[in-house]
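Chains, contacts and geometry: an overview
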Amino acid sequence: MKPEFGNPKHIAMIKKKGTGKCWADIVGRYPGMEHCKDCKFCQGWVHHDKTYYKCEKHPVTNGPGTDIRLKDHACILFEKDVK
Ligand code: SF4
């Protein structure tokens, strides 16, 4: 089945290729000025003395191809993290 652009059920099927693009460029941008650092799906993985950020809503591997940056523009799956 071919993923339908913008359909949240299909977004998890999409694989991020390369390390240069943020998820917002692949699945669509959140209409506000939010960033991944403010999203409840942004998780920090500590490995040795470094923290790598991954998204709980998208496929994750142990490699850099699925890393996200805190300053990345929020994607359409953004949900505000209320702490
Ligand atoms: S779901 Fe949240 S943390 Fe994941 S890419 Fe979208 S905005 Fe960033």
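Preceding this section is the structure that the text describes.
Notes on the structure in this doc start here. Note that the structure is a prediction, hence the values are computed from the model and not measured.

This part covers unusual backbone geometry. Despite not being glycine, His48 has its phi angle at roughly 55 degrees, a positive value. When you line up the elements, His48 lands in the loop between β1 (42-47) and β2 (50-55).

Take the pairing of β2 next. With six bridges connecting them, β1 and β2 associate as antiparallel partners. Residue pairing for β2: His47 is matched across the bridge by Lys50. Between the antiparallel neighbours β1 and β2 lie two residues, among them His48 with a positive phi of about 55 degrees.

Neighbouring the ligand are 13 residues; Trp23, Cys36, Cys39, Cys55 and Cys75 lie closest to it. Its residues placed into classes, the shell around the ligand shows eleven nonpolar, one polar and one charged.

The next thing to look at is the environment of Asp72. Along the chain, Asp72 turns up in the segment after β2. Overall, the presence of 20 C-beta atoms within 10 Å leaves Asp72 in the buried class. Sequence-wise, Asp72 and Cys36 are 36 residues apart; in three dimensions their C-alpha atoms are separated by 5.6 Å. Among residues more than four places away in sequence, those in contact with Asp72 are Cys22, Trp23, Ala24, His35 and Cys36.

Before going further, it helps to spend a moment on the environment of Ile68. Here Ile68 is to be found in the segment after β2. The buried category is assigned to Ile68, around which 24 C-beta atoms lie within 10 Å. A sequence separation of 32 residues divides Ile68 from Cys36, and the C-alpha atoms of the two residues are 7.8 Å apart. Residues in contact with Ile68, not counting those within four places in the same chain, are Cys22, Trp23, Cys36, Cys42, Tyr53, Lys54 and Cys55.

This paragraph deals with the environment of Asp38. For Asp38, the location among the structural elements is in the loop between α2 (23-27) and β1. Between the C-alpha atoms of Asp38 and Ala74, which are 36 residues apart in sequence, the distance is 8.5 Å.

Quick notes on the rules
Residues numbered from 1 in each chain as written. Predicted model: local features only at pLDDT ≥ 70, side-chain atom pairs only at ≥ 80, totals over all residues. Helix = DSSP H or I, 4+ residues; strand = E, 2+ residues; numbered from the N terminus. Pairing = 2+ DSSP bridges. Near = placed C-beta within 6 Å. Nonpolar A, V, L, I, M, F, W, Y, C, P; charged D, E, K, R; others polar. Buried ≥ 20, exposed ≤ 12 C-beta atoms within 10 Å, placed from the backbone. Contact = placed C-beta atoms within 7 Å.

That's the geometry; what it means functionally is another story.
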